[in-house]
Amino acid sequence: MSRLIALTSCLAVLLVGCSNSADAICDRRKECFDSDLDTGKCADKINAWEEEKESEQDDRRARTSECSECIADRTCAEVLSFCIDDCFGIP
């Protein structure tokens, strides 16, 4: 039983970690570019894009993570200037 709890906890941490990048991107998009953006639908779209092609999943997850890291401590203007390469093509 304790193994099941530990496994479930680890899986939950991994899943939350994966969604945090998408959530951060969508939150910043809402803050900087589209105040009416539905951040939940935005994150769902990014997560679906990451999973879309099995052969590209690792690359897409890495791109989402890089974009999220780039935008983390930047102003909206800085996001446009510095993060376009990291974030371009992420739905």
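Let us look at the structure shown here. (Residues numbered from 1 in each chain as written. Predicted model: local features only at pLDDT ≥ 70, side-chain atom pairs only at ≥ 80, totals over all residues. Heavy atoms only, no water.)

### Remarks on the nonpolar core
Ranked by size, the top nonpolar core spans 14 residues in total, and within it Ile25, Ile46, Cys67, Ile71, Cys83 and Ile90 carry the most contacts. If you list the elements that add at least two residues to this core, you get helix H1 (2-32), helix H2 (39-52) and helix H3 (57-71). Residue contributions to this core peak at 4 residues, all from H2. Those residues within four positions of Ile25 in sequence are excluded, and the remaining contacts are Ile46, Thr64, Cys67, Ser68, Ile71 and Ile90. (Core = buried A, V, L, I, M, F, W, Y, C linked by side-chain atoms within 4.5 Å. Buried < 20%, exposed > 50% of the residue type's maximum accessible area, 1.4 Å probe, protein only. Helix = DSSP H or I, 4+ residues; strand = E, 2+ residues; numbered from the N terminus. Contact = heavy atoms within 4.5 Å.)

### Topic: the state of the cysteines
Counted under the stated rule, the structure contains 4 disulfides. Each disulfide pairs two cysteine sulfurs, and for Cys32 the partner residue is Cys76, the sulfurs being separated by 2.0 Å. Note on the Cys32 and Cys76 pair: the S-S dihedral is about -80°, so by sign convention the disulfide is left-handed. With Cys32 in helix H1 and Cys76 in helix H4 (residues 76-82), this pair connects stretches of sequence that are 44 residues apart. In this model Cys70 forms its disulfide with Cys83; the gap between the sulfur atoms is 2.0 Å. Judged by the sign of its S-S torsion, about -90°, the bond between Cys70 and Cys83 is left-handed. Of this pair, Cys70 sits in helix H3 while Cys83 sits in the loop between H4 and helix H5 (84-87), and the two are 13 residues apart along the sequence. For Cys70, a relative accessible area of 10% puts it in the buried group. Cysteine pairing for the protein, with bonded cysteines counted in sequence order: 1-3, 2-6, 4-8, 5-7. (Disulfide = S-S within 2.5 Å.)

### Quick word on a negative patch on the surface
Residues Asp23, Asp27, Asp38 and Asp44 make up a contiguous surface patch of negative charge. Inspection of the secondary structure assignment puts Asp38 in the loop between H1 and H2. (Patch = residues over 30% accessible without salt bridge, like charges linked within 9 Å, V, L, I, M, F, W, Y side chains within 5 Å. Areas by Shrake-Rupley, 256 points an atom, 1.4 Å probe, with all protein chains shown as cover. Salt bridge = Lys/Arg side-chain N within 4 Å of Asp/Glu carboxyl O. Lys, Arg positive; Asp, Glu negative; His and termini not counted. Charge placed at Lys NZ, Arg CZ, Asp CG, Glu CD.)

### With respect to the environment of Ile84
Within the element layout of this structure, Ile84 appears in helix H5. In sequence terms Ile84 and Cys70 are 14 residues apart; their C-alpha atoms lie 9.3 Å from each other.

### Some words on the packing of H2 against H3
Where H2 meets H3, the closest approach of the two axes is 7 Å, and the angle between their N-to-C directions is 145°. Between H2 and H3, the residues in contact are Ile46, Trp49, Glu50, Glu51 and Glu52 and Gln57, Arg60, Arg61, Arg63 and Thr64, respectively. Here the residues of the contact of H2 with H3 are counted per class, giving 2 nonpolar, 2 polar and 6 charged. (Axes fitted to C-alpha atoms, helices over the stretch in contact; angles between N-to-C directions. Nonpolar A, V, L, I, M, F, W, Y, C, P; charged D, E, K, R; others polar.)

So far we have only geometry, and geometry alone does not tell us how the molecule works.
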